[in-house]
Amino acid sequence: MRERAYALIKNRNKPRLELFAHRIIDWQQQHGRHGLPWQGADVYRVWLSEIMLQQTQVVTVIPYYLRFVARFPTIAALAADSEDAVLAHWSGLGYYWRARNLHRAAQLIMQRHGGKFPQHFEDILALPGIGRSTAAAISAFAFHERRAILDGNVKRLLARYHAIEGYTGEKKTEAQLWQQAEALLPKRDVAVYTQGLMDLGALVCTRSKPQCPICPLQADCAAYQNERVAQLPTPRPRKVLPERHSTFLLLLNGPDILLEKRPGSGIWGGLWCPPQVDPRLLSKVEDANAYCLQQFGTETIHTLALSTFTHTFTHFKLHITPLLLQVINKPKQIQEPGMVWLDVDDALQTAIPTPVRKLLQELLAGRRLV
DNA sequence: AACTCGGGGAC
DNA sequence: GTCCCAGAGTT
């Protein structure tokens, strides 16, 4: 507290905008995060970390990041490998278009930029999966360029610091926040400053129970002065989640299960899933046998409905009823190229979404593969 | 401007 | 259960 007061007096001749950055940089060097695996790494690793960290917290990302760089150590290695291999290493992290864009961008870098990650902001921004904020973060961290980021942490921090009202996802509010983010940029030490903003948002200016007493911005934080910290930023408008129902057809032939590749766009794009069917098409469980015979040419000798569970997405709830179908044949001729019979153990190593992974693991644990 | 993309941590 | 996280792309 006394140190901060002294800092304010000591820097009284500095312009106020510069003082903000100075406090962030000072705080980062003393209290920020320094041991993250991508900090100080090459631009490929900085890029990868920024993509993985979109809408995903640091603790969740770290194990995925380490496995990913071990498997794909360079842009060239990433570009040369298959999309399936990339998705398999993304399996469970969510927002799978991030992985497909990453893979596509790696190939574009090989073509357009001779395998060297572009250094110019406009070229970085032009890569798929990289928007304004991510391009700025890469530019700041890897190239020490003076660019403003605006991620969830910074939005919350600035909304409080300037007491900006309105949902931060709203265009008008976001425009104000971008303007502030640009205005507050320091002339130098942009990498440390950017990391400081993120860390202060993640560690001190948290969504709930922010640590205002130890915050370096407390002295002139508008929300703190007005006792509006708990009310800012304005929360996202509430809305009721629509609900959908789906039956997962778990076709089992000995140790093998039938999976099909989902289309590139939409939920779980590019991932492998058991065939799904609208439960309204099956008036009774046995209807699934006829359905599978017609669709896949399989003859079922035993059918068992497992208990329904719910998977919640950002915009809807999915009620999943798994239907276990023991089949006695595995048609040689696969109708679609996007279909495959896989040993359940192998299926767990491929690109599957989390609810499918949980189902397969329960299947193995329950020894229901007979 | 409004929607669509997962999954998990924190509460 | 709710809310949000190192957001971007599409319409």
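Residues numbered from 1 in each chain as written. Chains lettered and ligands numbered in written order. Predicted model: local features only at pLDDT ≥ 70, side-chain atom pairs only at ≥ 80, totals over all residues. Heavy atoms only, no water.

Asker: Hey, could you go over the domain arrangement of chain A for me, with residue numbers and the actual values?
Answerer: For chain A, the domain assignment lists domain 1 (2–231) and domain 2 (243–366). Here the C-alpha centre of domain 2 lies 39 Å away from the C-alpha centre of domain 1. Every contact between the two is made by nine residues of domain 1 and, on the other side, 16 residues of domain 2. Where domain 1 abuts domain 2, roughly 770 Å² becomes buried across the two surfaces, and 43% of that area is made up of carbon and sulfur atoms. Seen at the junction of domain 1 and domain 2, the total is one salt bridge. Of the charged contacts, one joins Lys261 and Asp84 as a salt bridge, the two residues approaching to 3.1 Å between their closest N and O atoms. Each residue belonging to the side of domain 1 that touches domain 2 can be placed in one class, and the counts come to four nonpolar, two polar and three charged. (Domains from an automatic or database assignment. Contact = heavy atoms within 4.5 Å. Buried area = accessible area lost by both parts, 1.4 Å probe. Salt bridge = Lys/Arg side-chain N within 4 Å of Asp/Glu carboxyl O. Nonpolar A, V, L, I, M, F, W, Y, C, P; charged D, E, K, R; others polar.)

Asker: Account for unusual backbone geometry, with residues named and values stated.
Answerer: At the junction of Leu232 and Pro233, the peptide bond is cis and its omega measures out at -5° in the coordinates. With respect to the helices, strands and loops of the structure, Pro233 is situated in the loop between helix 13 (222–225) and strand 1 (243–253). Despite not being glycine, Tyr95 has its phi angle at roughly 45°, a positive value. Residue placement: Tyr95 occurs in the loop between helix 6 (83–90) and helix 7 (97–112). On the basis of relative accessibility, which here comes to 37%, the residue Tyr95 falls in the partly exposed class. At Lys209, a position not held by glycine, the phi torsion is positive, near 50°. Within the fold, Lys209 resides in the loop between helix 12 (190–203) and helix 13. (Helix = DSSP H or I, 4+ residues; strand = E, 2+ residues; numbered from the N terminus. Buried < 20%, exposed > 50% of the residue type's maximum accessible area, 1.4 Å probe, protein only.)

Asker: I'd love a proper account of the side chain of Gln28, names of residues and values included.
Answerer: Tracing the chain through its elements places Gln28 in helix 2 (residues 16–31). Given a relative accessible area of 3%, Gln28 falls into the buried group. Discounting residues that sit within four places of it in the chain, Gln28 has contacts with Arg33, His34, Val192, Gln195, Gly196 and Asp199.

Asker: Give a detailed account of the nonpolar core, specifying residues and quantitative values.
Answerer: Core analysis: the largest hydrophobic core is formed by 101 residues, its most contacted members being Phe20, Trp47, Phe68, Trp90 and Phe117. Counting residues per element, this core draws most heavily on helix 3 (residues 43–52), which supplies seven residues. Here this core spans two domains, since at least three of its residues come from each of domain 1 (2–231) and domain 2 (243–366). In contact with Phe68, not counting residues within four places along its chain, are Tyr44, Leu48, Met52, Leu78, Val86, His89, Trp90 and Leu102. Of all hydrophobic cores here, the second largest spans 13 residues; its members include Leu251, Val277, Leu323 and Val327. (Core = buried A, V, L, I, M, F, W, Y, C linked by side-chain atoms within 4.5 Å.)

Asker: How would you sum up empty space enclosed by the protein? Please name residues and give values.
Answerer: In the structure shown here, the tally under the stated rule is three cavities of 30 Å³ or more. Roughly 120 Å³ of volume is contained in the largest cavity. Forming the boundary of the largest cavity are 15 residues, of which Arg160, Cys205, Cys212, Cys215 and Cys221 lie nearest the centre. The dominant element in the lining of the largest cavity, judged by the number of residues it contributes, is helix 10 (residues 152–161), at three residues. Along the lines of polarity and charge, the residues of the lining of the largest cavity split into twelve nonpolar, two polar and one charged. (1 Å grid on protein atoms, 1.4 Å probe; cavity = no way out; pocket = protein on both sides within 12 Å on 5 of 7 lines; lining within 4 Å. Points joined across faces, edges and corners; volume = space filled by probe spheres on them.)

Asker: Can you tell me about the packing of aromatic side chains, naming the residues and giving the values?
Answerer: All chains considered together, the criterion is met by ten aromatic pairs. The interplanar angle of 50° and the centroid separation of 6.0 Å between the aromatic rings of Tyr95 and Trp97 together place this pair among those described as tilted. Members of the aromatic cluster, joined through ring pairs, are Phe248, Trp268, Phe313 and Phe316. When the ring centre of Phe121 is taken as reference, the NZ or CZ atom of Arg147 above it lies at 4.0 Å. Arg244 extends its terminal NZ or CZ atom over the ring of Phe316, reaching a point 3.7 Å from the ring centre. (Phe/Tyr/Trp six-rings, centres within 6.5 Å; stacked < 30°, edge-to-face > 60°. Lys NZ or Arg CZ within 6 Å of the ring centre and 35° of its normal.)

Asker: Can you tell me about the confidence of the model for chain A, naming the residues and giving the values?
Answerer: Looking at chain A as a whole, its pLDDT mean stands at 93, while 93% of the residues score no less than 70. Confidence drops under a pLDDT of 50 for residues 1–10, and excluding neighbours within four residues, the segment shows nine contacts in the predicted structure. (pLDDT = per-residue confidence, 0-100.)

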